[in-house]
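One letter stands for each residue in the lines below.
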Amino acid sequence: MSEAIKSSAEEGQAVNAYGWAARDSSGILSPFHFTRRITGSNDISIKILYCGICHTDLHFVKDEVGMTIYPIVPGYVRNSVVSII
């Protein structure tokens, strides 16, 4: 976890989040609850409605690139709505 997120979480300013994560190179995704920092004054917040996974994501999930850090929540192609500016 990054220092900024750790610091924010330690101060009680964390937001609960949810995703589907791979926890090892098996490629199996399972529900994953985690915390992230609160939305700051230079951030936007989006509500992700749908998310796609490309073949490159699969390479990372299965650690075929040799540098994956688990757990990993794949996906970057999103259909979302801006909720906070």
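Residues numbered from 1 in each chain as written. Predicted model: local features only at pLDDT ≥ 70, side-chain atom pairs only at ≥ 80, totals over all residues. Heavy atoms only, no water.

By the naming in an unreviewed UniProt entry, the protein chain goes by Alcohol dehydrogenase N-terminal domain-containing protein and is assigned to Rubus argutus. Checking UniProt for the protein chain, the heading Sequence similarities (unreviewed entry) contains the comment "Belongs to the zinc-containing alcohol dehydrogenase family." (UniProt positions renumbered as here; feature names shortened; annotations may be inferred.)

Trainee: Describe the overall build of the protein chain, listing the residues and the values that go with them.
Mentor: Of regular secondary structure, the protein chain possesses two helices and four strands. Residues classed as buried in the protein chain amount to 15% of the 85 residues present. Taken as a whole, the protein chain presents about 6300 Å² of accessible surface, with 57% of it coming from carbon and sulfur. (Helix = DSSP H or I, 4+ residues; strand = E, 2+ residues; numbered from the N terminus. Buried < 20%, exposed > 50% of the residue type's maximum accessible area, 1.4 Å probe, protein only. Areas by Shrake-Rupley, 256 points an atom, 1.4 Å probe, with all protein chains shown as cover.)

Trainee: Lay out unusual backbone geometry in plain terms, naming residues and giving numbers.
Mentor: Geometrically, the link from Tyr70 to Pro71 is a cis peptide bond, its omega value of 0 degrees lying close to zero. The topology assignment puts Pro71 in the loop between α2 (55-61) and β4 (77-84). The backbone phi angle of Asp63 is positive, close to 55 degrees, even though this residue is not glycine. Within the fold, Asp63 resides in the loop between α2 and β4.

Trainee: A description of the pattern of salt bridges should follow, citing residues and the corresponding values.
Mentor: Using the criterion set out here, one finds one salt bridge in the structure. Between Asp43 and Arg37 there is a salt bridge, with the nearest N and O atoms lying 2.6 Å from each other. By relative accessible area, which is 21% here, Asp43 ends up partly exposed. (Salt bridge = Lys/Arg side-chain N within 4 Å of Asp/Glu carboxyl O.)

Trainee: Let's hear about a nonpolar patch on the surface: which residues, and what values?
Mentor: A cluster of nonpolar side chains, contributed by Ile44, Ile46, Ile48, Val82 and Ile85, occupies part of the molecular surface with about 520 Å² of accessible area. Here Ile46 is to be found in strand β3 (residues 45-52). (Patch = residues over 30% accessible without salt bridge, like charges linked within 9 Å, V, L, I, M, F, W, Y side chains within 5 Å.)

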